[in-house]
Amino acid sequence: MPLSTSVRVRGLAAVATVCALAVSATACGGTTKNSSKSDSGSSATSTATANPDAPLKTGLKIAFLPKQINNPYETIVDKAGISAAQGFGGTAKEVGPSDASASSQISYINTLIQQQQDAILLAANDPNAVCAPLKQAMKKGIKVVAYDSDTAKDCRQLFINQASSEQIGRSLVQNIGKQLNYTGQIAILSATQNATNQNTWIGFMKQELALPKYKNMKLVKVAYGDDDDQKSFQQTQGLLSAYPKLKGIISPTTVGIAAAARYISSSSYKGKVVVNGLGTPNQMRKYVKDGTVEQFALWNPKNLGYLAAYAAAALASGQITGAEGETFKAGTLGTYKIGANGEVILGKPTVFDKSNIDGFNF
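Here's a quick rundown of the structure. (Residues numbered from 1 in each chain as written. Predicted model: local features only at pLDDT ≥ 70, side-chain atom pairs only at ≥ 80, totals over all residues. Heavy atoms only, no water.)

Observations concerning the packing of helix α6 (residues 229-242) against helix α7 (residues 254-265)
Move 1: One way to put it is that α6 packs onto α7 with a least axis distance of 8 Å and a crossing angle of 55°. As judged from the angle between their axes, α6 and α7 are oblique. For the pair α6 and α7, the sense of crossing is right-handed. For the pair α6 and α7, contact is made by Asp229, Gln230, Ser232, Phe233, Thr236, Gln237 and Leu240 and by Val255, Gly256, Ala259, Ala260, Arg262, Tyr263 and Ile264, respectively. (Axes fitted to C-alpha atoms, helices over the stretch in contact; angles between N-to-C directions. Helix = DSSP H or I, 4+ residues; strand = E, 2+ residues; numbered from the N terminus. Parallel < 35°, antiparallel > 145°, perpendicular 65-115°, else oblique. Left-handed = near helix turned anticlockwise from the far one by under 90°. Contact = heavy atoms within 4.5 Å.)

Structure representation (structure tokens):
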């Protein structure tokens, strides 16, 4: 995984199985932004009218802005979205910071506005820190789609969510509860303290833990590895040192779960401390096969990027405005419906274990 270059433009080569050509590439020409563009529509609420029969425009320029450029999971998401853009006749790139701090994405948003992108797709490091430049982008007619980690609701038109946030949070506790026979101390190893998706999931984890069947389980700590491999590794070590009776770690971040598994795999805690959470099969395969990790979960990140790209194109082409109840076609993934607050849900996460992990390659 190449490390931090401030701006990286990805090629438009086709990516694997998720990116077949789809949805009327025989579209009308793309728009060119100029000074005549209206400055109305400064938030997700707009007076624009959807035309569901409008073709996808060709020549659309879209940009993916992940939490950090060197995050393996978000690299998968963005590469798939970039190839999806090629499928509908657009161009796309990935740009972003090498760190996941709250303000690190702001300068990139400002640059993308200057470059007159048709759409900005962003996985927010902080739900509010990015709002001012994103609102400025929408004033200039640029469509804004959050994916993976949401912004405040008035700072974008759509949020492409991996799965129901409640389902993700509760299922992580349910899975580790079964593994621990609902008894013992657990900790959470999260990403950054301000990550919208992480905090939402953790909120539902705590709600699930408050149910009577978890009365013998105790959450002792929420630690933050900042989506940095080495820091997450050290946080795992610190948790096990500070809580010698710890029985399980939930890490709802692909960086964190891989780092935790790596530490435990070569320690005396292997087979004694359960690691569960969200990871990619290629990251976690060796830890599943060597017995460090029994199971973990995730959606298909390629499909997330693919769906996000088509959602942005549908917005930029006028097929949808982001209003609840509108539908759009996402290529080979089929038709999706916009829910409350502009949320589009990819689908249910998959649980990976020894029985199925070799059937996945991402």
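Regarding the side chain of glutamine 198
Move 1: Assignment of secondary structure puts glutamine 198 in helix α5 (residues 196-209).
Move 2: Within the structure, glutamine 198 has its side chain in polar contact with the side chain of serine 190 (distance 3.0 Å). (Polar contact = N/O pair within 3.5 Å; in protein donor to acceptor, adjacent residues only side chain to side chain.)

Points about the nonpolar core
Move 1: Of all hydrophobic cores here, the largest spans 84 residues; its most connected members are Ile62, Ile160, Trp299 and Phe328.
Move 2: The element that contributes the greatest number of residues to this core is helix α9 (residues 301-316), accounting for 12 residues.
Move 3: Aside from chain neighbours lying at most four places away, what touches isoleucine 62 is Ala85, Phe88, Thr91, Ala92, Lys93, Gln117, Ala119, Leu121 and Ala309.
Move 4: Counting 19 residues, the second largest nonpolar core, distinct from the first, contains Ile109, Ala124, Val130 and Ala152. (Core = buried A, V, L, I, M, F, W, Y, C linked by side-chain atoms within 4.5 Å. Buried < 20%, exposed > 50% of the residue type's maximum accessible area, 1.4 Å probe, protein only.)

A closer look at helix α2 (residues 106-114)
Move 1: Taken together, the buried positions of α2 are occupied by Tyr108, Ile109, Leu112 and Ile113. Down the axis of α2, the buried set is contained in an arc of 140°. They therefore lie on one face.
Move 2: Glutamine 116, located one to two residues past α2, shows a positive phi value of around 60°. (Arc of directions from axis to C-beta.)

Side note on the pattern of salt bridges
Move 1: Within this structure, the stated rule accounts for nine salt bridges.
Move 2: With a shortest N-O distance of 3.9 Å, lysine 67 and aspartate 148 are connected by a salt bridge. With lysine 67 in the loop between β2 (61-65) and α1 (72-87) and aspartate 148 in the loop between β5 (143-147) and β6 (158-161), this pair connects stretches of sequence that are 81 residues apart.
Move 3: Given a relative accessible area of 5%, lysine 67 falls into the buried group.
Move 4: Its salt-bridge partner being lysine 231, residue aspartate 226 comes within 2.6 Å of it at the nearest N-O pair.
Move 5: Take lysine 231: its relative accessible area is 31%, and that puts it in the partly exposed class. (Salt bridge = Lys/Arg side-chain N within 4 Å of Asp/Glu carboxyl O.)

Description of the pairing of strand β10 (residues 274-277)
Move 1: Of the two faces of β10, both are covered, the one formed by Val274 and Asn276 as well as the one formed by Val275 and Gly277.
Move 2: As paired elements, strand β9 (residues 246-251) and β10 share four bridges and run parallel to each other. When the bridges of β10 are listed, isoleucine 250 appears paired with asparagine 276.
Move 3: Tracing the backbone out of β9, into α7 and back to the parallel element β10 gives a crossover that is right-handed. (Pairing = 2+ DSSP bridges. Right-handed = clockwise from strand over helix to strand, strands pointing away.)

Topic: the packing of helix α4 (residues 165-179) against α5
Move 1: Relative orientation of the contacting elements α4 and α5 amounts to 50°, with a least axis distance of 7 Å. Considered as vectors, α4 and α5 are oriented oblique to each other. Our pair here, α4 against α5, has a crossing hand that is right-handed. Of the residues in α5, those in contact with Ser165, Glu166, Ile168, Gly169, Arg170, Leu172, Val173 and Gln174 of α4 are Thr200, Trp201, Phe204, Met205, Gln207, Glu208 and Leu209.

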